[in-house]
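Letter by letter, the chains look like this.
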Amino acid sequence: MPEKLIIIGSGPAGHTAAIYAARAELKPLMFEGSTPGGQLMLTTEVENWPGFPNGMMGPEMMDLFKKQSERFGTRILSENVTEVDFTASPFVVKTSTASYSSEAVIVSTGATAMWLGVPGEKEYGGRGVSACATCDGFFFKNKKIVVVGGGDSAMEESNFLTRFAETVTVIVRKDELKASKIMQERARNNPKISFVWNSEVKEIVGDGTRVSGVKIFNNKTNETTDFATDGVFVAIGHKPNTELFAGKLELDKAGYIVVRPGSTITNVEGVFAAGDVADHYYKQAITAAGTGCMAAIDAERWLASKE
Amino acid sequence: MLELTSANFDASVLASSDLVLVDFWAPWCGPCKLMAPVMEELAGELTEVVFAKVNVDDHSDIAQRYNILSIPTFLIFKGGQVVDQFSGSMTKDALRAKIEKHS
């Protein structure tokens, strides 16, 4: 017997879909993937989730999401999906060890932080180069740190890192920040944070064991300068986790899953997409949860219409 | 799971004749939390490998000694020597493959 509903991904979208689907008696089966809980597992305080006026830690929040999914009967496998086949019904979802079939699938695989792709970045990964301030900031007490990026996550990381670092230098490609007003204000008012504008990191250099500096290219003057730093935190945005679905679902130019506006319906009937994997605009936990709920309802109605 | 301290590290890791996987972690690290059950499960399956962890909050001296700048970081020791080092959360299969390369 195929499953009624498989959910791929375990962030706010996946778990909200699971809660709604489980309560609708669809007995969803969830694949958590390689980063259970998704991007919130890499954050500290979540301050904009309504109902928690004092904020809540991201990992703690995802723990509660999971408990709520399980409470209503979601079965959760801590496995990674390696292949899908949406060409025939029931759909096939494979892991490295087993194959599952399902009448409907919700894709909520989220997005992953992007890297710069410059020389030295891979070499010094875990040796001064990081994409997770909350994981690695601790190791940079009284050190000089560079943060690359001008969006909300770059500002959040910069502010957080000032708890440890002596100075945080934010390298921004343009002459303005993309971050929201409140995050900008906080960073600009932090005496440990300074900005380098119109600039891009072209190389990360080190002594073989750890980072010692970056080469910064000024895109207005075309000059390259050496900048000494102990750590490089990359916060330049995200890319959708859709490698699995290339050629199987309609994706837009940036790789996001295309859904029918106002719904979670993809170009394959019975496959629905929710959360950051189909959203290059809002990208919030609350919007992911919202579309996760929509996906469960869309899937439920579609399953009912087939009977 | 062996809890390493500044007092038992040398005897448990450097003097061990078995392959030892050491997980550097901290309670405030989300990705580290993800790896805890993975470590437990693999420890049950790969019984010939010693699974150990270092809380970097409590034993920053060990973290400094191995130049740990990111967590989770995993070190694999063979005959007291570091033979591999990698950082970040990963699936059980990926971690198993990393370990089996050296066993």
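Residues numbered from 1 in each chain as written. Chains lettered and ligands numbered in written order. Predicted model: local features only at pLDDT ≥ 70, side-chain atom pairs only at ≥ 80, totals over all residues. Heavy atoms only, no water.

Draft legend 1. Up close: a positive patch on the surface. Where like charges cluster on the molecular surface, the positive patch consists of Arg173(A), Lys174(A), Lys178(A) and Lys283(A). If you trace the backbone, Lys174(A) turns up in the loop between strand 12 (167-171) and helix 5 (181-188). (Patch = residues over 30% accessible without salt bridge, like charges linked within 9 Å, V, L, I, M, F, W, Y side chains within 5 Å. Areas by Shrake-Rupley, 256 points an atom, 1.4 Å probe, with all protein chains shown as cover. Salt bridge = Lys/Arg side-chain N within 4 Å of Asp/Glu carboxyl O. Lys, Arg positive; Asp, Glu negative; His and termini not counted. Charge placed at Lys NZ, Arg CZ, Asp CG, Glu CD. Helix = DSSP H or I, 4+ residues; strand = E, 2+ residues; numbered from the N terminus.)

Draft legend 2. Representation of the sheet that holds strand 16 (residues 223-228) of chain A in the model. Residues and elements named next belong to chain A. Taken in spatial order, the three strands of this open sheet run 14-15-16, and their pairing is antiparallel. Only two strands of the sheet have a single neighbouring strand rather than two, namely strand 14 (199-206) and strand 16. Neighbouring strand axes in the sheet, compared pairwise and without regard to direction, differ in orientation by 25 degrees on average. Pairing between strand 15 (residues 211-218) and strand 16: six bridges, direction antiparallel. Residue pairing for strand 16: Gly-213 is matched across the bridge by Ala-228. (Pairing = 2+ DSSP bridges. Axes fitted to C-alpha atoms, helices over the stretch in contact; angles between N-to-C directions.)

Draft legend 3. How the structure looks around the domain arrangement of chain A. Residue and element names in this part refer to chain A. Domain boundaries in chain A define domain 1 (3-113 + 238-306) and domain 2 (129-234). If you average the C-alpha positions of domain 1 and of domain 2, the two centres end up 32 Å apart. Across the boundary between the two partners, domain 1 contributes four residues, which contact six residues of domain 2. Overall, the association of domain 1 and domain 2 removes approximately 490 Å² of surface from exposure, summing both partners, and the carbon and sulfur fraction of that is 51%. Considering only the surface of domain 1 that becomes buried against domain 2, Leu-42, Thr-44 and Glu-47 emerge as the three largest contributors, covering 68% of it. (Domains from an automatic or database assignment. Contact = heavy atoms within 4.5 Å. Buried area = accessible area lost by both parts, 1.4 Å probe.)

Draft legend 4. Seen up close, the interface of chain A and chain B. Listed as interface residues are 19 residues of chain A and, on the opposing side, 19 residues of chain B. Summed over both sides, the interface between chain A and chain B buries roughly 1,600 Å², with carbon and sulfur atoms accounting for 62% of that surface. Area buried by chain A at its contact with chain B is led by Gly126(A), Phe138(A) and Phe139(A), which between them contribute 31% of it. In this structure, the connection of chain A to chain B is made through zero salt bridges. Across the chain A-chain B interface, the total number found is four residue pairs in polar contact (both at pLDDT 80 or more). Take the side of chain A that touches chain B: its biggest share by element is three residues, from helix 3 (residues 133-136) of chain A. Classifying every residue of the side of chain A that touches chain B gives eight nonpolar, eight polar and three charged. (Polar contact = N/O pair within 3.5 Å; in protein donor to acceptor, adjacent residues only side chain to side chain. Nonpolar A, V, L, I, M, F, W, Y, C, P; charged D, E, K, R; others polar.)

Draft legend 5. Broad picture of the packing of helix 4 (residues 152-161) of chain A against helix 5 of chain A. Residue and element names in this part refer to chain A. Direction vectors running N to C along helix 4 and helix 5 enclose 35 degrees, while the axes themselves pass 9 Å from each other. For the element pair helix 4 and helix 5, the recorded crossing hand is left-handed. Of the residues in helix 5, those touching helix 4 at Asp-152, Met-155, Glu-156 and Asn-159 are Met-183, Gln-184, Arg-186 and Ala-187. Residue classes in the contact of helix 4 with helix 5 are distributed as three nonpolar, two polar and three charged. (Left-handed = near helix turned anticlockwise from the far one by under 90°.)

Draft legend 6. Region of the structure containing helix 2 (residues 58-71) of chain A. Here helix 2 of chain A is 14 residues long and its end C-alpha atoms lie 20 Å apart, about the 20 Å a rise of 1.5 Å per residue gives. Buried residues of helix 2 of chain A: Gly58(A), Pro59(A), Met61(A), Met62(A), Phe65(A) and Ser69(A), and no others. Taken end-on, helix 2 of chain A shows its buried residues confined to a sector of 155 degrees, consistent with a single buried face. In this structure, helix 2 of chain A carries Lys67(A) and Arg71(A) as exposed residues pointing more than 90 degrees from its buried face. Residues of helix 2 of chain A that are buried make contact with helix 1 (12-23), strand 3 (45-46), strand 4 (56-57) and strand 5 (75-77) of chain A together with helix 2 (30-45) of chain B. (Expected span 1.5 Å × (residues − 1). Buried < 20%, exposed > 50% of the residue type's maximum accessible area, 1.4 Å probe, protein only. Arc of directions from axis to C-beta.)

Draft legend 7. Just the pairing of strand 12 of chain A, in detail. All names here are of chain A. Counting buried positions along strand 12 gives four out of five residues, so the element sits mostly inside the fold. In terms of strand pairing, strand 11 (residues 144-148) meets strand 12 through five bridges, oriented parallel. Residue pairing across strands places Val-147 opposite Val-170, the latter belonging to strand 12. Handedness of the crossover joining strand 11 and strand 12 through helix 4: right-handed. Relative to strand 13 (residues 193-196), strand 12 runs parallel, the two sharing four bridges. Across the sheet, the residue bridging to Val-168 is Ile-193, located in strand 13. The handedness of the strand 12 to strand 13 crossover, carried by helix 5, is right-handed. (Right-handed = clockwise from strand over helix to strand, strands pointing away.)

Draft legend 8. Geometry of the environment of Met39(B). Residue and element names in this part refer to chain B. Residue placement: Met-39 occurs in helix 2. Residues Met-39 and Phe-51, twelve residues apart in the sequence, show an inter-C-alpha distance of 7.4 Å. Among all residues touching Met-39, those that are not within four sequence positions of it are Met-1, Leu-21, Asp-23, Phe-51, Ala-52, Phe-74 and Leu-95.

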